[in-house]
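# Observations on chain architecture
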Amino acid sequence: MSELPIWLIGCGNMAGAMLAGWLVADEPTDRFRIVRPSGVPFGSGISVQSHLPQSGFGEAIVQIGFKPHMLADIAPDMRSLVGPETCIVSILAGVELATLREAFPDAGQIVRAMPNTPVALGKGVVGLIAEDEQGEHAADVATLMAKLGLAEWIADERLFDVVTALSGSGPAFVFRFMDALARGGEALGLDPAQALRMAVETVRGAAELAGQSDERPATLADRVASPGGSTRKGLDILDDDEALAKLVHATLEAATSRNREMAEEARR
Ligand SMILES: NC(=O)C1=CN([C@@H]2O[C@H](COP(=O)(O)OP(=O)(O)OC[C@H]3O[C@@H](n4cnc5c(N)ncnc54)[C@H](O)[C@@H]3O)[C@@H](O)[C@H]2O)C=CC1
Ligand SMILES: O=C(O)[C@@H]1CCC=N1
């Protein structure tokens, strides 16, 4: 793989988690240059500056990782630095390729990447869509993202907001479930810290089992539920009138619709 420099324009929670993941995967630290107004050091000898560079990015991967609504303010300052050798990677939720192309008319390639925070451990999910999947630097970006976990090309950009809800926001929804599991145990008398430890390990073990199994999670759930036993009584609550499925569907719908609103806001 080419060793293009990687600029991180905006490096907060999400881009910081990605950088942590790349360092775990032994990417050389001198590939990365952070631009963030705070200038707060990242550690590990990574170069951090508080302003955009004076000269152009040249042949580089330039990842933008600020808030979606900031695109209109920040892109004009970046525009003259971006040339036909530059590959822009956007992790901005919602913001579409067409909006990014308007913001960076001279960029050689534009890729949207939708990561999630477990990338910090190399166990994330990254959805990808490029203006030209076969074009220059698309494969470099895919290789880079695959170091962070599961990297998946998404064929239809209209589905990218759903991907953002499912895997981008997904860890937040799973964390809520973990908390609910722990709080349920606590309400039924378990020590809170013990309940939390057991809830987190239960989710970790179940996720690994599901990841390694050829069977669907529904089948694995049935295998836990011994006939006439107690798990089925619990599943009956989650399954009654598809209570959990409906709740999760509504959750993903709400997040997807906010991603679409953010896309609209970025178009203005
Ligand atoms: N937090 C998450 O789990 C995920 C976030 N995203 C996307 O990542 C982006 C950032 O989100 P977070 O990291 O959560 O937010 P954050 O608030 O932690 O980070 C934002 C970063 O933007 C920087 N910034 C602000 N003004 C800037 C400027 N003028 N020039 C350069 N950098 C500037 C800040 O210094 C900060 O480093 C958003 O677009 C979001 O949609 C995507 C997937 C998941
Ligand atoms: O909450 C957000 O807007 C972003 C999108 C995916 C995760 N965080």
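In this text, all values refer to a predicted model and were calculated from it rather than measured experimentally. (Residues numbered from 1 in each chain as written. Chains lettered and ligands numbered in written order. Predicted model: local features only at pLDDT ≥ 70, side-chain atom pairs only at ≥ 80, totals over all residues. Heavy atoms only, no water.)

### Regarding the sheet that holds strand β6 (residues 109-114)
Here is the rule we go by: Strand pairing is assigned whenever DSSP detects at least two bridges linking the two strands. Each helix corresponds to a stretch of at least 4 residues labelled H or I by DSSP, and each strand to a stretch of at least 2 residues labelled E; elements are numbered beginning at the N terminus. Here an angle of 0 to 180 degrees is reported between the N-to-C directions of two axes, which are lines fitted to C-alpha atoms, with helices fitted over the stretch in contact. Residues count as neighbours in contact if any of their non-hydrogen atoms are within 4.5 Å of one another.
The mixed open sheet is built from eight strands, whose spatial order is β3-β2-β1-β4-β5-β6-β7-β8. Pairing within the sheet leaves two strands with one partner each, and these edge strands are β3 (47-49) and β8 (149-153). When the angles between neighbouring strand axes are averaged without regard to direction, this sheet yields 20°. In the packing of helix α4 (residues 138-146) onto the sheet, contacts are made with β1 (6-9), β4 (61-64), β5 (87-90), β6, β7 (124-130) and β8, and the angle to β8 comes to roughly 150°.

### Section: a negative patch on the surface
As a reminder of what qualifies: Only residues whose relative accessible area exceeds 30% and that form no salt bridge enter a patch; like-charged residues are grouped when within 9 Å of one another, and nonpolar side chains (Val, Leu, Ile, Met, Phe, Trp, Tyr) when within 5 Å. Surface accessibility in these figures is a Shrake-Rupley result with a 1.4 Å probe; residues are shielded only by whichever protein chains are displayed. Any carboxyl oxygen of Asp or Glu within 4 Å of a side-chain nitrogen of Lys or Arg constitutes a salt bridge here. We count Lys and Arg on the positive side and Asp and Glu on the negative side, and we leave His and both chain ends out. By convention, the charge on Lys lies at NZ, on Arg at CZ, on Asp at CG and on Glu at CD. Here the term buried applies to any residue with accessible area under 20% of the maximum for its type, exposed to any over 50%, and partly exposed to those in between, with areas from a 1.4 Å probe on protein chains only.
A cluster of acidic residues, Asp 236, Asp 239, Asp 240 and Glu 242, forms a negative patch at the surface. According to the relative accessible area criterion, Glu 242 is exposed, its value standing at 52%.

### Side note on the site of ligand 1
Spelled out, the test is: A cutoff of 4 Å decides nearness: a residue is near a molecule or strand if any of its heavy atoms lies inside that distance of it. By the criterion applied in these results, polar contacts are pairs of N or O atoms within 3.5 Å in which, for protein atoms, one can donate a hydrogen and the other can accept it, and in which residues neighboring in sequence qualify only through two side-chain atoms. Think of a 1 Å grid over just the protein atoms. A cavity is a set of points where a 1.4 Å probe fits yet cannot get out, a pocket is an open set with protein on both sides within 12 Å along at least five of seven lines, and lining residues have an atom within 4 Å of a point. Criterion for pocket placement: a molecule counts as inside a cavity or pocket if more than half of its atoms are within 2 Å of its grid points.
Taken together, 21 residues form the shell around ligand 1, and within it Cys 11, Asn 13, Met 14, Phe 66 and Ala 93 come nearest. Phe 66 is positioned such that a nitrogen or oxygen atom in its backbone is 2.6 Å from an oxygen atom of ligand 1. A total of 830 Å² of accessible area belongs to ligand 1 in isolation, and the protein chains cover 75% of it. When atoms are counted within 2 Å of each cavity's grid points, the one that captures over half of ligand 1 is the second largest pocket.

### Observations concerning the state of the cysteines
Here is the rule we go by: Working definition: a disulfide is two cysteine sulfur atoms within 2.5 Å of each other.
In the structure shown here, the tally under the stated rule is zero disulfides. The structure places no disulfide on Cys 11, whose sulfur is separated from the nearest cysteine sulfur, that of Cys 87, by 18 Å. Since its relative accessible area comes to 5%, Cys 11 is described here as buried. Overall, Cys 87 belongs to the buried group, its relative accessible area being 0%.

### Regarding the site of ligand 2
Put simply, the test is: Gly counts as polar in this scheme, as do all residues outside two lists: the nonpolar Ala, Val, Leu, Ile, Met, Phe, Trp, Tyr, Cys and Pro, and the charged Asp, Glu, Lys and Arg.
Neighbouring ligand 2 are Ala 93, Thr 164, Gly 168, Ser 169 and Met 262. Out of a free accessible area of 250 Å², ligand 2 has 50% covered by protein chains. Judged by the fraction of its atoms near the pocket grid, ligand 2 is located in the second largest pocket. Across the shell around ligand 2, the residue classes break down as two nonpolar, three polar and no charged.

### Looking at the pattern of salt bridges
Per the counting criterion, the structure on display carries 15 salt bridges. Measuring nitrogen to oxygen at the nearest pair gives 2.3 Å for the salt bridge that ties Arg 267 to Glu 96. With a gap of 171 residues between them, Arg 267 in helix α10 (residues 243-267) and Glu 96 in the loop between β5 and α3 (97-103) connect regions that are remote in the sequence. A relative accessible area of 43% means that Arg 267 is categorised as partly exposed. Owing to a relative accessible area of 26%, Glu 96 belongs among the partly exposed residues under this scheme. Residue Asp 156 pairs with Arg 158 through a salt bridge whose shortest N-O separation is 2.9 Å.

### Structural notes on the UniProt feature "binding site: NADP(+)" (unreviewed entry) in the chain
Test applied: UniProt positions are given in the numbering used here, feature names are shortened, and annotations may be inferred rather than shown by experiment.
The UniProt record annotates "binding site: NADP(+)" (unreviewed entry) at Ile 9, Gly 10, Cys 11, Gly 12, Asn 13 and Met 14. Lining of the second largest pocket among the annotated residues: Ile 9, Gly 10, Cys 11, Gly 12, Asn 13 and Met 14. Structurally, Gly 10 can be placed in the loop between β1 and α1 (13-24). Along the chain, Gly 12 turns up in the loop between β1 and α1. With a relative accessible area of 42%, Gly 12 lands in the partly exposed category.

### Here's the deal with the domain arrangement of the chain
How large an interface is tends to be reported as the accessible area lost when its parts come together. The cut-off we apply is this: Where each domain starts and ends follows an automatic or database-derived domain assignment. Defined in terms of a 1.4 Å probe, buried area is the accessible area two parts forfeit on being brought together, summed over both.
The domain architecture assigned to the chain consists of domain 1 (6-163) and domain 2 (170-260). A separation of 32 Å is found between the C-alpha centroids of domain 1 and domain 2. The interface of domain 1 with domain 2 comprises nine residues on the first partner and five residues on the second. Between domain 1 and domain 2, a total of about 540 Å² is buried, with carbon and sulfur atoms accounting for 50% of that surface. At the surface where domain 1 touches domain 2, the tally comes to one salt bridge. Linking Asp 161 and Arg 260 is a salt bridge whose minimum nitrogen-to-oxygen distance equals 3.6 Å. Here domain 1 and domain 2 share two residue pairs in polar contact (both at pLDDT 80 or more) between them.

### Let's talk about the pairing of β5
This is how it is decided: Seen with its strands pointing away from the viewer, a crossover is right-handed if its path from the first strand over the helix to the second goes clockwise.
Residues Cys 87 and Val 89 line one face of β5 and the alternating positions Ile 88 and Ser 90 line the opposite face, and both faces are buried. Here β4 pairs with β5 via four bridges, running parallel. Bridging from a neighbouring strand, Ile 61 pairs with Cys 87 of β5. As a crossover connection, the stretch from β4 through helix α2 (residues 71-79) into β5 is right-handed. Of the pairings in the sheet, the one linking β5 to β6 comprises four bridges and is parallel in character. Paired with Val 89 across the two strands is Val 111, which belongs to β6. The β-α-β motif built from β5, the intervening α3 and the parallel element β6 has right-handed crossover chirality.

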